[in-house]
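Examination of the molecular architecture
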Amino acid sequence: MTEKEQGFIKRYTAALQSYLVEGGEAGLERAYALGHQAVESELGVLDMESIFRDALAAALQQHTSLAATRRTVAMAAEFWAESLAPFEMTHRGYREANHELRQLNALLESEIAERKRAEAELQKAHDELEQRVRLRTAELAQANKELQAEIAERKRYEERLQLRDRAIEASSAGIIITDARKQNHPIIYANPAFAQMTGYSQAELIGLNPRILQGPETSTEALESIREALRTSQPCLTTLKNYRKNGTIFWNELFISPVRDSEGNLTHYIGVQTDVTQLRKAEEERHEMEIAKQIQLSLLPGSPLQVSGVVIAGYCLPASHVGGDYFDYFYGQDAIDIVIADVSGHSMGAALIMAETRSTLKAEALRTLHLPADGEALQTEAGTGEILRVLNALLYEDLNRAELFITMFYMKYNPATRRLSYANAGHNRPLLLPAGAKVCRELDAEGIIFGVAREIVFEEKSIVLNQGDLVLLYTDGVTEAQNPAGEFFGAERLARLLATQGPHAPQEIINKIVKELKSFCEGNSFADDVSMVVLKAI
């Protein structure tokens, strides 16, 4: 026992003894207070019993009378009963509380163990949940990635659709879409080009059938090919004559293509329409021009002309399918007629005028003069100047209506006399290269082009050719041929070239000039018709 406890017992024993000897409320309260302290302390029942015994023994020693002794014993019994019961109850409560505490502790330990198991299961569930969350997060991330890719692809697809829509709207070809699921296949879309082509507004076209463009001259064969394509749901390409809203005609190249859904069902038709009126016209003109070219070339001499005392060769290369150049040489009554001409323009009209000129010229050149009234002998044929005068008068009306004109150089050569007579209707002056000479000179005579006036007088001149003399007739397509730098071939260059060709035959000279022209122009085509005639006296 500690000194503190021993001191407390002494104080409690003294207080209890004082109460048992003296009595009184103050002593009782003092003894109770110490008793409460004893109950709250760690003193056991034996210690309390020892305190009461010692206090009672000491109090009894101080009494001599029996009554005082009985009173003291009664007071001690009462105090003992009142103070010991709480002490025992307190200790009993402690024991019960301790027992309950043990039970509570066992229960708590059980609950802790249960809670640990629950926490372990919770942790396991938490781990599983985290694993599922991670898996789900990964799945969502992958799904999000795929969604982003799909969104990007859809955006690109939408951009392509927008680009396609803009392209269709901006296309120069007419484009329509018809609904194949509805009766009469109504138009559900028409781009601006189709509206402009047909004369209908885009709003007017919606709901109509493309048959509105057909008319009395639309080909039945083309229509039947369209109907067959629609019956069999196949593409169709055809060209047909259509009518605009105002009734004017245009040629339409039509391509029809069926459109199917993902299951292969026909849903729409797309029609692409191109106005080929100009192309059609050009093709027809080109076909006509090709025919005219064959006619034109057939009218030109097919080979060089060689008779006693002279060799003549010619060449013509039209700049397009049909040219206006013309040359010819033929044997008349006593002389050879040589002509070169250039009809303005490069068209069917120019070719026709050229053909008319050829026929008229030959007729006049071969026609003798009429018999005089006094019965004189038949005169000789007309001279070159006179023939040009008559030819201009005969062609004037046609040239005036066609707004065309003709330049021409016309010669007659008599092989027997070697005399060359000539007249000029505003044409390029031919080049004369005398035999053995190194310099050319020009042949010229006064005269203007055909078609300016009805009556024109043409000067006629003549020279005598010697053996080996060369004469070159040509059109302006030769001298006006240009190289890529824009330089002209020119008359001087042509004269210098001819001056080197004295010993050669006419056809060889022509071939040499054509070769030099192509080399100069760096190509095989020319901007204007190229025609030449070479005469050589032999």
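Report on the accompanying structure. (Residues numbered from 1 in each chain as written. Predicted model: local features only at pLDDT ≥ 70, side-chain atom pairs only at ≥ 80, totals over all residues. Heavy atoms only, no water.)

One non-glycine residue, Ser-233, adopts positive backbone phi at about 55 degrees. According to the relative accessible area criterion, Ser-233 is buried, its value standing at 16%. Backbone geometry at Arg-418 places phi at a positive 60 degrees, although glycine is not the residue there. Structurally, the position occupied by Arg-418 is in the loop between strand S10 (406-414) and strand S11 (419-425). Overall, the relative accessible area of 24% leaves Arg-418 in the partly exposed class. (Buried < 20%, exposed > 50% of the residue type's maximum accessible area, 1.4 Å probe, protein only. Helix = DSSP H or I, 4+ residues; strand = E, 2+ residues; numbered from the N terminus.)

What follows deals with helix H13 (residues 506-521). Look at H13: 23 Å from first C-alpha to last across 16 residues, which is about the 22 Å you get at 1.5 Å a residue. Among the residues of H13, those classed as buried are Pro-506, Ile-509, Ile-510, Ile-513, Val-514, Leu-517, Phe-520 and Cys-521. Down the axis, H13 shows its buried residues gathered within 135 degrees of arc, on one side only. In this structure, H13 carries Lys-515 and Ser-519 as exposed residues pointing more than 90 degrees from its buried face. Those residues of H13 hidden inside the fold are in contact with strand S7 (310-317), strand S15 (470-474), helix H11 (476-479), helix H12 (491-499) and strand S16 (530-537). (Expected span 1.5 Å × (residues − 1). Arc of directions from axis to C-beta. Contact = heavy atoms within 4.5 Å.)

Most of S7 is tucked away, with seven of its eight residues classed as buried. Here three bridges tie strand S6 (residues 305-307) to S7, and the two strands are oriented antiparallel to one another. Across the sheet, Val-307 pairs through a bridge with Val-310, a residue of S7. Between S6 and S7, which pair antiparallel and follow one another directly, the connecting turn spans two residues, one of which, Gly-309, has a positive phi of 95 degrees. Here eight bridges tie S7 to S16, and the two strands are oriented antiparallel to one another. (Pairing = 2+ DSSP bridges.)

Tracing the sequence through the fold places Asn-392 in helix H10 (residues 384-402). For the pair Asn-392 and Val-73, spaced 319 residues apart in sequence, the C-alpha to C-alpha distance is 186 Å. Residues contacting Asn-392, with those up to four places away along its chain left out, are Phe-450, Gly-451, Ala-453, Arg-454, Glu-455, Ile-456 and Phe-458.

So, about the pattern of salt bridges. Side-chain pairs of opposite charge can arise where the charged atoms are in close proximity. Counted according to the given criterion, the structure contains 23 salt bridges. Here Asp-179 ties to Arg-181 by a salt bridge, and the two come within 3.2 Å at their closest N and O atoms. For Asp-179, a relative accessible area of 5% puts it in the buried group. For Arg-454, the salt bridge is made with Glu-397, and the minimal N-O distance between the two is 2.1 Å. With a gap of 57 residues between them, Arg-454 in the loop between strand S13 (441-442) and strand S14 (460-464) and Glu-397 in helix H10 connect regions that are remote in the sequence. When its relative accessible area of 36% is taken as the criterion, Arg-454 is described as partly exposed. (Salt bridge = Lys/Arg side-chain N within 4 Å of Asp/Glu carboxyl O.)

A separate point is the packing of aromatic side chains. In total, this model carries four aromatic pairs according to the counting rule given. Look at Phe-409 and Tyr-422: their rings are 5.6 Å apart centre to centre, the planes differ by 20 degrees, and that puts the pair in the stacked class. One end of the pair, Phe-409, is in strand S10; the other, Tyr-422, is in strand S11, and 13 residues separate them in sequence. Overall, the relative accessible area of 0% leaves Phe-409 in the buried class. Under the relative-accessibility criterion, Tyr-422 is labelled buried at 5%. Relative to Phe-458, the ring of Phe-450 has its centre 5.7 Å away and its plane inclined at 80 degrees; by these criteria the two rings are edge-to-face. (Phe/Tyr/Trp six-rings, centres within 6.5 Å; stacked < 30°, edge-to-face > 60°.)

This next bit is on helix H1 (residues 3-22). Taking 1.5 Å per residue as the helical rise, H1 with its 20 residues ought to reach 28 Å, and the 28 Å between its terminal C-alpha atoms agrees with that figure. When H1 is considered as a whole, its buried residues turn out to be Phe-8, Ile-9, Tyr-12, Thr-13, Ala-15, Leu-16, Tyr-19 and Leu-20. Taken from the residues just after H1, Gly-23 is the one with a positive phi, measuring 75 degrees.

Now for the sheet that holds strand S3 (residues 236-243). The strand order S2-S1-S5-S4-S3 describes an open sheet built from five strands, whose pairing is antiparallel. With partners counted over all chains shown, the strands left at the sheet margins are strand S2 (187-190) and S3, one partner each. Averaged over all pairs of adjacent strands, the angle between strand axes in this sheet comes to 25 degrees, irrespective of strand direction. Of the pairings in the sheet, the one linking strand S4 (residues 249-260) to strand S5 (residues 266-275) comprises nine bridges and is antiparallel in character. Across the sheet, the residue bridging to Leu-254 is Gln-273, located in S5. The strands touched by helix H7 (residues 220-232) are S3, S4 and S5; relative to S3, the strand with the most contacts, the crossing angle is about 130 degrees. (Axes fitted to C-alpha atoms, helices over the stretch in contact; angles between N-to-C directions.)

A few words now on the sheet that holds S11. Adjacent strands of a sheet form backbone hydrogen bonds with each other and so pair up, either parallel or antiparallel. If you walk across this open sheet you meet the five strands as S8-S9-S10-S11-S14, and the pairing is antiparallel. Bordering the open sheet on either side are strand S8 (325-331) and S14, each of which pairs with just one other strand. The mean inter-strand angle of the sheet, taken between neighbouring strand axes irrespective of direction, is 15 degrees. Examined bridge by bridge, S8 and strand S9 (residues 336-343) share seven bridges and lie antiparallel to one another. Each residue of the ladder has a partner; that of Tyr-329, found in S9, is Ile-338. Here helix H9 (residues 348-366) sits on the sheet and contacts S8, S9 and S10; the angle it forms with S8, its principal contact strand, is near 20 degrees. Across the face of the sheet, H10 comes into contact with S10, S11 and S14 while running at roughly 150 degrees to S10.

Checked against the element boundaries, Ser-344 lands in the loop between S9 and H9. Under the relative-accessibility criterion, Ser-344 is labelled buried at 15%. The contacts of Ser-344, once residues within four sequence positions are left out, are Ala-350, Leu-404 and Phe-405.

Within the largest apolar cluster, 50 residues are counted, with the highest numbers of intra-cluster contacts made by Ile-312, Ile-338, Phe-450, Leu-465 and Val-471. Ignoring sequence-local partners within four residues, the contact set of Ile-312 consists of Pro-304, Leu-305, Tyr-329, Ile-336, Ile-338, Val-533, Val-534 and Leu-535. Formed by 27 residues, the second largest nonpolar core is a distinct cluster that contains Leu-470, Cys-521, Val-530 and Val-534. (Core = buried A, V, L, I, M, F, W, Y, C linked by side-chain atoms within 4.5 Å.)

So, to be careful, I would describe these as geometric facts and stop short of saying anything about function.
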